[in-house]
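Remarks on the overall topology
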Amino acid sequence: MFDLDQTIKDRHSTRKFLSQPVPQALLDEALALAQHAPSNSNIQPWRLMFAQGDRRDRLQETLLNQAKQQPPYSFGLPESFQHYRQELGAQVYGAMGIARDDKVNRQLALLRNYEFFGAPVVGIVCMHEDLGVADALSVGMYLQTLVLCLTARGIGTCVEVSLAAYPEIIRSELNIPPELLIICGLAVGYSDPDFPANSLHISREAVEKNVLFLDN
Ligand SMILES: Cc1cc2nc3c(=O)[nH]c(=O)nc-3n(C[C@H](O)[C@H](O)[C@H](O)COP(=O)(O)O)c2cc1C
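Values in this document were obtained by computation on a predicted structure and should not be read as measured data.

1. With respect to the pattern of salt bridges
- Inspection of the entire model under this criterion finds four salt bridges.
- Across the salt bridge formed by Glu168 and Arg171, the nearest N and O atoms sit 3.6 Å from each other. Linking Glu168 with Arg171, this pair stays in helix 7 (residues 167-174), spanning three residues, or about one helical turn.
- Assessed through its relative accessible area of 53%, Glu168 is described here as exposed.
- Look at Arg171 and you get buried, because its relative accessible area is 16%.

Here it is in structure tokens:
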């Protein structure tokens, strides 16, 4: 058994992985536990395809080529949220020694998303296209459960919505049926301890900013 509080604190996004393979038994354990996640009407809407080995390498090659030719657009954010993205960029790129105005290295760092940051395993998280927000929430609850189970086993992760910029490539490389919406990727592997950005603890708001208790 693992300490849940500590696991929640330990989880963070890993942006450089070792090539060391992830034991299938640990993946299977985490997946079996995550299957206990709750979902609206218990429909368990999460669908995952994992690519590893040659399939992973082919996916990387095709995605990278595409991202180099046609750089991904940044998913828009309402103005009141944009400063979070800037602060995150300052922390992550800062730890990587990339200056704010260094467009070339920022672009190269962005492209690393399409190498899954070196992770030997990449999951693609999908859901049926006819489902709605509550079901996407169920997929999110599943994904967090899975990520925590992997963290508890010493395995690093990075959720990657950036992969959803090229759904047709992923669909074709991994034979994903047309009715499945591609939500995001999940890079899975052992964290490279020598990469400074892997030791970041990205700041959070105080609880009061996000949560209200209302009396009378
Ligand atoms: C839905 C979702 C999509 C994300 N997409 C990306 C991504 O494409 N690339 C990336 O480097 N990080 C991505 N992240 C990681 C977030 O940037 C990260 O969770 C956040 O900055 C907090 O940092 P932490 O995970 O280290 O606590 C994503 C996280 C979530 C939950």
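That covers the picture; the talk isn't over yet.
2. Observations concerning unusual backbone geometry
- The phi dihedral of Asn42 falls on the positive side, at around 55°, and the residue is not glycine.
- Inspection of the secondary structure puts Asn42 in the loop between helix 2 (24-34) and strand 1 (47-52).
- With a phi close to 35°, Asn216 is a non-glycine residue in the positive phi region.

3. Regarding the site of the ligand
- Near the ligand there are 14 residues, and of these Arg11, Ser13, Arg15, Ser162 and Arg204 occur at the shortest range.
- The separation between an oxygen atom of the ligand and a polar side-chain atom of Ser162 is 2.8 Å.
- Arg204 is positioned such that a nitrogen or oxygen atom in its side chain is 2.8 Å from an oxygen atom of the ligand.
- Burial of the ligand by the protein amounts to 68% of the accessible area it has alone, namely 620 Å².
- No other element matches strand 3 (residues 156-160), which puts three residues into the shell around the ligand.
- Its residues assigned to classes, the shell around the ligand comprises six nonpolar, four polar and four charged.

4. A closer look at the side chain of Thr7
- In this structure, Thr7 sits in helix 1 (residues 4-10).
- Overall, the relative accessible area of 8% leaves Thr7 in the buried class.
- Among the polar contacts listed, one links the side chain of Thr7 to the backbone oxygen of Asp3, at a separation of 2.8 Å.

What counts and what doesn't
Each chain has its residues counted from 1, running along the sequence as written. Restriction of local features to residues with pLDDT of at least 70 applies here, the model being predicted, together with a cutoff of 80 or more for giving and counting side-chain atom pairs; totals for whole chains, interfaces and linings are based on all residues. Neither water nor hydrogens contribute to the side-chain values; these are computed over all heavy atoms in the structure. The term salt bridge refers to a pairing of a side-chain nitrogen on Lys or Arg with a carboxyl oxygen on Asp or Glu at a separation within 4 Å. Under the DSSP-based scheme used, a helix requires at least four consecutive residues in state H or I and a strand at least two consecutive residues in state E, with every element numbered from the N terminus. Throughout this description, buried means an accessible area under 20% of the type-specific maximum (1.4 Å probe, protein chains only), exposed means over 50%, and partly exposed covers the range between. Throughout, near means a residue has at least one heavy atom within 4 Å of the molecule or strand. Under this definition, polar contacts are N or O atom pairs within 3.5 Å; protein pairs additionally need one hydrogen-donor-capable and one acceptor-capable atom, and for neighbouring residues in sequence, both atoms have to be side-chain atoms. Where accessible areas are quoted, they stem from the Shrake-Rupley method and a 1.4 Å probe; at the residue level, only the protein chains shown are allowed to cover. By the convention adopted, Pro, Cys, Tyr, Trp, Phe, Met, Ile, Leu, Val and Ala count as nonpolar, Lys, Arg, Asp and Glu as charged, and the other residues, Gly among them, as polar.

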